[in-house]
Amino acid sequence: QVQLVESGGGLVQPGGSLRLSCISSISVFDMAIMGWYRQAPGNQRELVASISRDDKLKYLDSAKGRFTISRDNAKKTVYLDLNSLTPEDTAVYYCYAHVLWGKDYWGKGTLVTVSS
């Protein structure tokens, strides 16, 4: 069983920044794709950013230029740097992994609230 544990959420003012972290219980080299999704109240879960095993990046259009996904292989951790946050970014952010043997795993989520 793969475990993903997120941290780094919190309350931040508009224009502020946060760094989300997702620690995996297994090597990130066993991940075909790791990424971050988010879900705001009343909305569907949407992909925010992902990074593949060969470092291909994908971003939600509204995240481009503001958010950055990165990976530290030694720490088995994927990060999501959130900058220039707006209230529309308020959501629960979930870490996601699609492993090489085909299964999908999710973290429990971390809440990001952007409010003045």
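Residues numbered from 1 in each chain as written. Predicted model: local features only at pLDDT ≥ 70, side-chain atom pairs only at ≥ 80, totals over all residues. Heavy atoms only, no water.

Chemist: So, the side chain of Ser-24: which residues are in play, and what are the values?
Modeler: Within the fold, Ser-24 resides in strand S3 (residues 18-24). On the accessibility criterion, Ser-24 (4% relative accessible area) is buried. At a separation of 2.7 Å, a polar atom in the side chain of Ser-24 contacts the main-chain carbonyl oxygen of Ile-26. What Ser-24 contacts, discounting residues up to four positions off in sequence, is Val-2, Gln-3, Leu-4, Met-31 and Lys-76. (Helix = DSSP H or I, 4+ residues; strand = E, 2+ residues; numbered from the N terminus. Buried < 20%, exposed > 50% of the residue type's maximum accessible area, 1.4 Å probe, protein only. Polar contact = N/O pair within 3.5 Å; in protein donor to acceptor, adjacent residues only side chain to side chain. Contact = heavy atoms within 4.5 Å.)

Chemist: Break down the pairing of strand S4 (residues 31-39) for me, with residues and values.
Modeler: Consecutive residues of a regular strand have side chains that alternate between opposite faces of the sheet. Here eight bridges tie S4 to strand S9 (residues 91-99), and the two strands are oriented antiparallel to one another. Considered in S9, the bridge of Met-31 is made with Val-99. In this structure, the hairpin formed by S4 and strand S5 (residues 46-52) is closed by a connection of six residues, where Gly-42 is found at a positive phi of approximately 80°. (Pairing = 2+ DSSP bridges.)

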